[in-house]
Amino acid sequence: MGLDMYAYRVKKEHVVNDFEFNSDQDPAYDIAYWRKFNALHGWMERLYRAKGGTKESFNCVPVRLELTDLDQLQRAIGENKLEPTQGFFFGSQEIYPEDIASAMKFIFEARAAIKEGDAVYYDSWW
């Protein structure tokens with residue numbers, strides 16, 4: 001068990017809102033996967049709350065990322081402002097260089113997906 005984190009590219013016609021997309025026709029596919037990168041998960045949870053997300057537990061709850069969100073994430077990474085997040089299944093509090101590299105690659109791919117007309121969602125399961 002542990003914190004598994006995903007980013008999905010979703011066709012625009014399957015978007016419902018910032019927290020939901022229609023997956024009946026399997027429109028989503030992975031563009032990123034992380035394991036126990038709890039600092040990124042914490043950042044995504046703060047984004048979820050800022051967008052009006054209300055579920056008590058930020059588990060199995062998608063949140064849509066826009067270009068401005070990706071800009072903020074890149075800035076947070078560049079300024080070393082990702083903060084480790086506590087959780088029973090969340091792993092080490094250390095932020096590894098490969099996690100940062102993976103997040104930067106995700107930002108690049110997510111921007112491309114959005115510019116091509118798709119939506120990007122983050123989701124996790126722990």
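So, a few notes on the structure that sits alongside this text. (Residues numbered from 1 in each chain as written. Predicted model: local features only at pLDDT ≥ 70, side-chain atom pairs only at ≥ 80, totals over all residues. Heavy atoms only, no water.)

Focus on the pairing of strand 1 (residues 4-10)
Selection rule: Three labels apply to residues, based on accessible area from a 1.4 Å probe with only protein chains included: buried if under 20% of the type maximum, exposed if over 50%, partly exposed otherwise in between. Secondary structure elements are defined from DSSP: runs of H or I of at least 4 residues count as helices, runs of E of at least 2 residues count as strands, and each element is numbered from the N terminus. What makes two strands pair is DSSP finding at least two bridges between them.
The element strand 1 is largely enclosed, with a buried count of six among its seven residues. As judged from the six bridges shared by strand 1 and strand 4 (residues 29-35), these two strands associate in the antiparallel manner. Residue pairing across strands places Y6 opposite Y33, the latter belonging to strand 4. Across seven bridges, strand 1 lies against strand 6 (residues 119-125) in antiparallel orientation. Following the sheet pairing, D4 is matched in strand 6 by W125.

Some points on the packing of aromatic side chains
What counts, and what does not: Ring pairs shown here join Phe, Tyr and Trp side chains whose ring centres sit within 6.5 Å, with only the six-membered ring taken for Trp; geometry is labelled stacked below 30 degrees between planes, edge-to-face above 60, and tilted in between.
Inspection of every chain in the model, using the stated rule, returns eight aromatic pairs. Between W34 and F106, the ring centres sit 5.3 Å apart and the planes meet at 85°, which makes this aromatic pair edge-to-face. Of this pair, W34 sits in strand 4 while F106 sits in helix 3 (residues 97-115), and the two are 72 residues apart along the sequence. For the pair W34 and F106, one class covers both residues: buried. Residues F58 and Y122 carry aromatic rings whose centres are separated by 6.1 Å and whose planes lie at 15° to one another, so their mutual orientation is stacked. Linking F58 in the loop between helix 1 (38-50) and strand 5 (63-65) with Y122 in strand 6, this pair joins segments that are 64 residues apart in sequence. Exposure class is identical for F58 and Y122. Each is buried.

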